[in-house]
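An overview of the molecular structure
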Amino acid sequence: MGRSSEHQRVQREGKKRDYETCCVCGNKEKPEGHHVIDYQYGGAATLDNIVTLCQKCHKQVHRGNIDLIKF
Ligand SMILES: [Zn+2]
């Protein structure tokens, strides 16, 4: 699936851009790329749509406890 491999590539680039550091809390452990707008909802595979989050913050975002629009 070309589309999903493109998203994986952008996630890697996003982590590099963010120095592998969580954008929310500054944690450097196990950073993960997160799509601000999920590509299922029309989010693009671009760096603008990627933030780097640690596992803890990533979970909070998906639970709706952190609003990424602020970041
Ligand atoms: Zn974090």
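What this report covers is the structure whose coordinates are included nearby. Quantities reported herein were computed from a predicted structural model and do not represent experimental measurements. (Residues numbered from 1 in each chain as written. Predicted model: local features only at pLDDT ≥ 70, side-chain atom pairs only at ≥ 80, totals over all residues. Heavy atoms only, no water.)

What follows concerns the nonpolar core. In this structure, Cys22, Val51, Leu53, Cys54, Cys57, Val61, Ile66 and Leu68 together form the largest nonpolar core, which totals eight residues. For this core, the secondary-structure elements that each account for two or more residues are β2 (50–53) and α2 (55–63). Setting aside residues no more than four positions away along its own chain, Val51 makes contact with Arg17, Asp18, Cys23, Glu32, Gly33, His34, Val36 and Leu68. (Core = buried A, V, L, I, M, F, W, Y, C linked by side-chain atoms within 4.5 Å. Buried < 20%, exposed > 50% of the residue type's maximum accessible area, 1.4 Å probe, protein only. Helix = DSSP H or I, 4+ residues; strand = E, 2+ residues; numbered from the N terminus. Contact = heavy atoms within 4.5 Å.)

Below, the discussion takes up the coordination of the zinc ion. Ligation of the zinc ion by protein atoms is provided by Cys22 (SG), Cys25 (SG), Cys54 (SG) and Cys57 (SG), these donors lying 2.3 Å from the ion. Taken together, the four donor atoms coordinating the zinc ion and their angles of 107 to 115 degrees define a geometry best described as tetrahedral. (Donors = N, O, S within 2.8 Å, 3.2 Å for Na, K, Ca; no water. Tetrahedral: all angles 85-135°; square planar, octahedral: opposite > 155°, others 65-115°.)

Glancing now at the side chain of His58. For His58, the location among the structural elements is in helix α2. Sequence-distant contacts of His58, defined by excluding residues within four places in its chain, comprise Glu32, Gly33, His34 and Leu53.

For the coordinates displayed, the defined rule picks out two salt bridges. With its nearest N and O atoms 2.7 Å apart, the salt bridge here joins Arg9 to Glu13. Taken together, the residues span about one helical turn, with Arg9 and Glu13 both in helix α1 (residues 2–17) at a distance of four residues. Here Arg9 falls in the partly exposed class, since its relative accessible area comes to 37%. Judged by its relative accessible area of 31%, Glu13 falls in the partly exposed class. Of the charged contacts, one joins Asp18 and Arg17 as a salt bridge, the two residues approaching to 3.0 Å between their closest N and O atoms. Overall, the relative accessible area of 36% leaves Arg17 in the partly exposed class. (Salt bridge = Lys/Arg side-chain N within 4 Å of Asp/Glu carboxyl O.)

This part covers the environment of Cys57. Note that Cys57 resides in helix α2. Cys57 sits in the buried class, given a relative accessible area of 5%. Note: C-alpha distance between Cys57 and Gly26 (31 residues apart in sequence) is 10 Å. What Cys57 contacts, discounting residues up to four positions off in sequence, is Cys22, Val24, Cys25 and Ile66.

On to the side chain of Thr52. Position of Thr52 relative to the elements: it lies in strand β2. Only 3.3 Å separates the side chain of Thr52 from the backbone oxygen of Gly14, close enough to count as a polar contact. At 2.7 Å, the side chain of Thr52 forms a polar contact with the side chain of Asp18. (Polar contact = N/O pair within 3.5 Å; in protein donor to acceptor, adjacent residues only side chain to side chain.)

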